[in-house]
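Structural characterization, general
Given next are the chains, with one letter for each unit.
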Amino acid sequence: MARFTYAVLSRAVAGREEEFVTWYRDRHFADVLRMPGVVGGKLVSLDFQRVYELDDAPQWTLLTLYELEGDNPESVIDSIRAASGSDDMPMSDALTKAGMVQAAGRVIASS
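Summary of the structure given here.

Quick notes on the rules
- Residues numbered from 1 in each chain as written.
- Predicted model: local features only at pLDDT ≥ 70, side-chain atom pairs only at ≥ 80, totals over all residues.
- Heavy atoms only, no water.
- Core = buried A, V, L, I, M, F, W, Y, C linked by side-chain atoms within 4.5 Å.
- Buried < 20%, exposed > 50% of the residue type's maximum accessible area, 1.4 Å probe, protein only.
- Helix = DSSP H or I, 4+ residues; strand = E, 2+ residues; numbered from the N terminus.
- Contact = heavy atoms within 4.5 Å.
- Salt bridge = Lys/Arg side-chain N within 4 Å of Asp/Glu carboxyl O.
- Phe/Tyr/Trp six-rings, centres within 6.5 Å; stacked < 30°, edge-to-face > 60°.

Right, let's get into the nonpolar core. Within the largest apolar cluster, 22 residues are counted, with the highest numbers of intra-cluster contacts made by Y6, F20, Y24, V38, Y66, L68 and I80. Only strand 1 (3–10), helix 1 (17–33), strand 3 (62–69) and helix 2 (73–83) provide two or more residues apiece to this core. Ranked by the residues each element gives to this core, the list is headed by helix 1, at five residues.

Right, here's the structure in full:
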């Protein structure tokens, strides 16, 4: 079965970074890991950006890398998106949804 990496860059509403990270780490990440087709994940804080003066660049809060399994990553991602905001996967208003960047790519096994 094919494996894919699903990368999500996200950022918090200004001034609500701590609330956002707590919700993402303690709730959302675990909710996504329970979704069918998601076999693992890694959550990375991007606090290091704050040492640079990058006023014109997006200040991402978190990078999440999920490992997906199946023939089609789009169907797994669509399931995650459909569940987001439901009673089973509540969303936080500390998340800047417009600031999210998402990408999926096939994992290439080395020989």
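A few words on the environment of L63. Topologically, L63 is positioned in strand 3. Taking the C-alpha atoms as reference, L63 lies 6.1 Å from L43; in sequence the two are 20 residues apart. Beyond its immediate chain neighbours, meaning those up to four positions away, L63 contacts V8, L9, K42, L43, V44 and L46.

Attention shifts here to the pattern of salt bridges. All told, the structure shown has seven salt bridges when counted by the stated rule. A salt bridge links R3 to E67, with the nearest nitrogen and oxygen atoms 2.6 Å apart. Of the two residues, R3 sits in strand 1 while E67 sits in strand 3, which places them 64 residues apart along the sequence. By relative accessible area, R3 is classed as partly exposed at 32%. The partner of R16 in a salt bridge is D93, with the nearest N and O atoms 2.6 Å apart. Note that R16 is positioned in the loop between strand 1 and helix 1 and D93 in the loop between helix 2 and strand 4 (101–106), a separation of 77 residues in sequence. R16 gets classed as partly exposed once you look at its relative accessible area, which sits at 27%. You can call D93 exposed: its relative accessible area is 55%.

Summed over the entire model, instances satisfying the criterion amount to five aromatic pairs. Consider the rings of F20 and W23, whose centres lie 6.0 Å apart with planes at 45°: the pair is tilted. Note that F20 and W23 are positioned in helix 1 at a spacing of three residues, about one turn of the helix. What makes W23 buried here is its relative accessible area of 13%. Ring centres 5.6 Å apart and planes at 65° place the aromatic pair F20 and Y24 in the edge-to-face group. Taken together, the residues F20 and Y24, both in helix 1 and four residues apart, mark about one turn of the helix. Both residues of the pair, F20 and Y24, belong to the buried class. Among the aromatic residues, those joined into a ring-pair cluster are Y6, F29 and Y66.

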